[in-house]
Structure formats: C-alpha cells, structure tokens
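Below are the chains, spelled out letter by letter.
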Amino acid sequence: MKDHNWWRQAAVYQIYPRSFADSNGDGLGDIRGITGKVSYLKSLGIDAVWLSPFYPSALADGGYDVDDYRNVDPKLGTLEDFDEMTAALHDAGIKLIVDIVPNHSSNRHKWFKEALASPKGSAARDRYIFRDGLGENGELPPSDWVSVFGGPTWERITEPDGSPGQWYFHIFAKEQPDFNWDNLEVRADFLKTLRFWSDRGVDGFRIDVAHALTKDLEGALPTRAELEAKGADAEGFLDGSHPYWDRNEVHEIYAQWRKLFNEYNPPRTAVAEAWVHTDRRPRYASPEGLGQAFNFDLLQADFDAAQFRTIITKNLAEAAASGASSTWVFSNHDVVRHATRYGLTAATPAGEGEIMAGLAGKEWLLDGGRREDVNAELGLRRARAASLLMFALPGSAYLYQGEELGLQEVGNEIPDSERQDPAFYRNKGVEIGRDGCRVPLPWTTEGSSFGFGDGGAHLPQPEWFAAYAADSQAGIHGSTLELYRAALRLRRELQAVEELEWIETGNPKVLHFNRPGGWQSITNFGDTPVDLPPGVVLVSSAPLEHGKLPGNSTVWVR
Ligand code: NOJ
C-alpha cells in the first residue's frame, strides 16, 4: 500500500533550476546538475523537491513564460535527463513536484504565434484573450489596468495584414499572454500536460497563480479607480467578483484536475499558489480541489511572537476545516530571503528598532536594496530561529534553495545591466526586482562560480558568497546547514499526530508549544535569555547561555 498522505507533513525543497547547479559549464543550472546533487538533497533530509519551471522558455520571466509545456528547455537538458533525475530522486526516497503555469503561456508558444497569424474572431485567437481597443480607431487599451510587473495589462498587436490591431490581455509581462480558460481546447491541453508528467512519475504539482485562470472580461470593463473603490488589491474581492482575481468558477477546473490526480496511485498532489484573502484560501486546499494551498502569512509577518501565534493558530484551524494540512514558508524565488528580511530594521545596521519584514522585504527592494541597511548577523540568527520553529509545526514546510546555507539576498551589487527580472524592466527606477534571491548557489568556497559550474554564473555572485558555501558548512557543528540537517532528521523521527498544544509562558516574547507524543519547541523572540522547561535538548538554533535560551533563538526539548 503506497502512502497516500506523504505530502501532509513533508519538507519540500524548492529548486530554481537555472541557479542550482550547472553540469555543462554554460553558466546556467541544468537538470543533470540537479541529478549530481541528489546525495546532498538526501543528506539534507527533505521529503520532496519542488522544481520551478524547466520548460523551453526565452526567460522573459525566469521560466514562468513557457514555450512548450511538455518538454525540457534544451539549455537545461532533455526529457531523458529529466527521467534520470526523477529516478535518482525516487531512489533516494525523495518525491518530485513540478511547477505548472496555466494562467499564461509565453508569446513564443505555438498557439500564440498561431493567434497572431490568424484573423480577429478566429478559433486560434479564442485560446487567448483578444479585444478591440477603445477610441475611434481602437487605439486605446480596453481598460486602464496595471499589470503585476508594472505597465498596462493590454498589449496591442499588428494584424497579419500589417494594420494596427486588437489588444491581448496579460496579467504579468507582455511576453506572458493569458489563456482563455473558457476555451475547451485550453482545458483539454492542460489535462494532457498533467497526465504527461504524472505518467513520467512526477508526484505532484505546484500551480502558479492558481487564483487567476478564470476571468470575466466581457463588455465594458470597470476602470482601475472603480475596482479600487470596491477595495480591490491583488487578492481580489471576498465575493469572487473581481474580473480576474480569485473568481469562484476557477474551482470547477480544479475539481476536474482532482479527478485526474486521483486516477494515480498514490494520487498526485497539488499545491496552489494563490495570494487570496485568507478566508478564501481553504477552497483551493479542499480535497475535491488541489488539496493544499500556500499560506504566505508567516512570510509576510514580522519576527514577532504575537503575530506568529495568531497566524499559526488560524492556519491550523483552517487546514483542519478544509481537510488539508497547513503549509509554511519563509522564502521562495519571489521574495527577499528571510535571513535578510529579518536583518532589516528601522535603525540599521545596529539592529535596534522596529523590524520591517512585513511586506516580504519589498520596501528594501524599492529602496534600492542597499546592503548597508541589513544587519546580516541578526537576520540570520532570527531566520534560523524561525526555520527551526517552522520545522516543529504540523503541516508541510517549504524551503527555498540556499536558505539551508543561511544565504543572504544579493542587493544592489547586481549591476542594472545584468538584471533579468521583468519587474525591474517594466517598473524602471521603481523596484530592483527579484534577481537577488535567484543568484546561483555557492557550493564551494573556492573555484569558478563557487562550485556552481565551470563557466561562471548567469547572475553575478558577490565575493561574500564564499562565506556561505555548502562545503564550508558540511560537518561543522553549529553551521546553518548542520542545523537544517539535524532538524529535518529529528522532524522525521518525531512527527506524529498533526496537533499542537500551546503552553502559556506568561512572557509575551516567548512562544512555547508541545507536539503531542513528540517534542516541545520554544522560541524567544526577545533579547533577554529565558529559562527552559526540564527535558533533553534535541537541537537549538543558537548555543544556550548558562542553560538559558538566548534572544532570537529556538530550541526543541523532549
Ligand atoms: C508566480 C511565480 O512565483 C512568479 O515567479 C512569476 O513571476 C508569476 N507567478 C507569473 O508566472
């Protein structure tokens, strides 16, 4: 009998493939690079890998602009390489989750090219969202909406006869045209894609912008001001009536996908990336739908005991109500690494004052990502405490490559000329974008691109990366890598029922909870050392001070 519930309390490691390991020295990470690191992943103690897009792509958005959903980018390898990697992971007892990007394709997808070459009103255009423009000659976009990366959500095309033509809709970059999910061919094609990868042995899927697929873009469209007056933000409306975010009909699609997932043994899993109002998140996580949804609440919280406790309590209750298990995440390829976020304070670099992690580091990016504003030591200390707390929680923990090394975000050291993120280009002079968490990993202190590969790195690595290299931490007691290894090993051994009991400490800066039948976790969010309960110390994120738990640290006790 295969374990149908393997995902419920899994530790899932996100690989951003172009920045993980480069096997052929072209400066870009690849599939064989991952296969070569399977023993590292096994020794880390993770249960699954989530692989960000590896499909053919012009990289207008880091691979989230997909040319062909059922292939591997030739720069990253072949389908055979993919199969070899999957087999190596499975041999090591590690499951594989791949990213599916169903809201939009790239503008190089064969269907989009066909749409551009076909006339207005054709079946080929109906797979995407084409509209006539406003104004006398259709010269104005159908609405004044702004795309996620800045600039308009509509792009005008030139018709096959050379005349100025219709406009197509794109929530993200203009190289990412949105699909029309009312079109049955689109629906059928994604079922084919899900089957293609499931048949190849993929264990689950991460669904990109799961809350955006269905839309109501017929007739006269509301203006941006009208939407804002109704309280719109990127999360949509509580009643599901926003024209493109979080509409209720999207769940019909996932109900159909669920039927397909359940044809497999064990059923394929899915996790929704859905930045929706927390009250609407359980719909995405329901067992009749995708089964699990990312909870980004801790990622957006400050390093603050009260905020953490409220979030944990609410999410565990929500997960229980939906039948899912909760998810926890501090870092991914879209946000400032948490070791840096937690080092951003109002009075940097001393580390005094209010912590400004709230918007996942966005203020810092908007401010130019100045390294002098980061107290890296404090940030790492808090990040280690937060991660150890996360590993003690019931539910699945999602880690992002490099966080096990305590890696910091690269800020303004990436020259503008080398930036890749469309958020930087579409929003010129406003934000520096997400490249800083996507810089290739340092594996060794010495050597070309710190062991990433033999041919440099596609985003420049700063000199200080050497201090975080995996080889300098392996086997070193107290290193972040060894902390993660120890915590993940213990977590596997100790995890039992998906329950948590709070223990009242009387200290508003301390969170203490018990995992029934397992162990207790205590986090000191303050600066003054606190007493520990009696018991054996299993692991701690910082050395104890005279038997006490120092500030900004976590310990597990049994
Ligand atoms: C969410 C992904 O995580 C992000 O990296 C990407 O830019 C957008 N979706 C668009 O696909």
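The notes below deal with the structure included here. Predicted model only: the values in this text are computed from it and were never measured.

## Considerations on the sheet that holds strand 9 (residues 291-293)
Right, so step 1: Spatial strand order, 9-8-7-3-2-1-13-10: eight strands in an open sheet with parallel pairing. For this open sheet the edge positions go to strand 9 and strand 10 (327-329), each flanked by a neighbour on one side alone. Across the sheet, the mean angle separating the axes of adjacent strands is 25 degrees when strand polarity is ignored.
Right, so step 2: Where helix 7 (residues 250-261) meets the sheet, its contacts fall on strand 7 (204-207), strand 8 (269-272) and strand 9, and the angle it forms with strand 7 comes to roughly 165 degrees.

## Thoughts on the pattern of salt bridges
Right, so step 1: Scanning the entire structure with this criterion turns up 36 salt bridges.
Right, so step 2: When the shortest N-O distance is used, the salt bridge between lysine 215 and aspartate 178 registers 2.8 Å. Taken together, the positions of lysine 215 in the loop between strand 7 and helix 6 (224-229) and aspartate 178 in the loop between strand 6 (164-169) and helix 5 (184-199) put the pair 37 residues apart, joining distant regions of the chain. No difference in accessibility class separates lysine 215 from aspartate 178, as the two residues are buried.
Right, so step 3: Between glutamate 318 and lysine 314 there is a salt bridge, and its shortest N-O distance comes to 2.9 Å. Taken together, the positions of glutamate 318 and lysine 314, both in helix 10 (residues 305-322) and four residues apart, correspond to about one turn of that helix.
Right, so step 4: The class of glutamate 318 is buried, set by a relative accessible area of 14%.
Right, so step 5: Within this structure, Asp61, Asp334, Asp421, Arg434 and Arg438 form a network of salt bridges that share partners.

## Section: the sheet that holds strand 14 (residues 501-502)
Right, so step 1: Across the sheet, which stays open at both edges, the five strands sit in the order 14-15-16-18-17 with antiparallel pairing between neighbours. The sheet is open, and its two borders are formed by strand 14 and strand 17 (537-540), each paired with just one other strand.
Right, so step 2: Note that strand 17 and strand 18 (residues 553-557) share three bridges and pair antiparallel. In the sheet register, serine 540 faces strand 18, and the bridge partner there is valine 555.
Right, so step 3: The sheet strands contacting helix 10 are strand 14 and strand 15 (510-514), and the helix crosses strand 15 at an angle near 30 degrees.
Right, so step 4: The strands touched by helix 13 (residues 376-391) are strand 15, strand 16 (520-524), strand 17 and strand 18; relative to strand 18, the strand with the most contacts, the crossing angle is about 30 degrees.

## Some thoughts on the site of the ligand
Right, so step 1: Around the ligand, the surrounding shell consists of Asp61, Tyr64, His104, Phe149, Phe172, Arg206, Asp208, Glu273, His333, Asp334, Arg434 and Arg438.
Right, so step 2: Separating an oxygen atom of the ligand from a side-chain N or O atom of arginine 206 is a distance of 3.0 Å.
Right, so step 3: Protein contacts shield 97% of the accessible area of the ligand, which totals 290 Å² for the unbound molecule.
Right, so step 4: Tallied by class, the residues present in the shell around the ligand amount to three nonpolar, two polar and seven charged.

## Section: the pairing of strand 2 (residues 48-51)
Right, so step 1: Taking every second residue as pointing to the same face, both faces of strand 2 are buried, with Ala48 and Trp50 on one and Val49 and Leu51 on the other.
Right, so step 2: Across four bridges, the pairing between strand 2 and strand 3 (residues 95-100) is parallel. Counterpart to valine 49 in the pairing with strand 3 is leucine 96.
Right, so step 3: In terms of handedness, the path from strand 2 via helix 3 (residues 79-91) over to strand 3 forms a crossover that is right-handed.

## Quick word on the packing of aromatic side chains
Right, so step 1: This model, assessed by the stated rule, comprises 47 aromatic pairs.
Right, so step 2: A ring pair is formed by phenylalanine 424 and tyrosine 425, whose centres lie 4.9 Å apart and whose planes are at 85 degrees; its orientation type is edge-to-face.
Right, so step 3: Geometry around phenylalanine 130 places arginine 125 over its ring, the cationic atom sitting 5.0 Å from the centre.
Right, so step 4: Here the basic side chain of arginine 341 rests over the ring of tyrosine 342, its NZ or CZ set 5.7 Å away from the ring centre.

Rules of the game
Residues numbered from 1 in each chain as written. Predicted model: local features only at pLDDT ≥ 70, side-chain atom pairs only at ≥ 80, totals over all residues. Heavy atoms only, no water. Pairing = 2+ DSSP bridges. Helix = DSSP H or I, 4+ residues; strand = E, 2+ residues; numbered from the N terminus. Axes fitted to C-alpha atoms, helices over the stretch in contact; angles between N-to-C directions. Contact = heavy atoms within 4.5 Å. Salt bridge = Lys/Arg side-chain N within 4 Å of Asp/Glu carboxyl O. Buried < 20%, exposed > 50% of the residue type's maximum accessible area, 1.4 Å probe, protein only. Near = heavy atom within 4 Å. Polar contact = N/O pair within 3.5 Å; in protein donor to acceptor, adjacent residues only side chain to side chain. Areas by Shrake-Rupley, 256 points an atom, 1.4 Å probe, with all protein chains shown as cover. Nonpolar A, V, L, I, M, F, W, Y, C, P; charged D, E, K, R; others polar. Right-handed = clockwise from strand over helix to strand, strands pointing away. Phe/Tyr/Trp six-rings, centres within 6.5 Å; stacked < 30°, edge-to-face > 60°. Lys NZ or Arg CZ within 6 Å of the ring centre and 35° of its normal.

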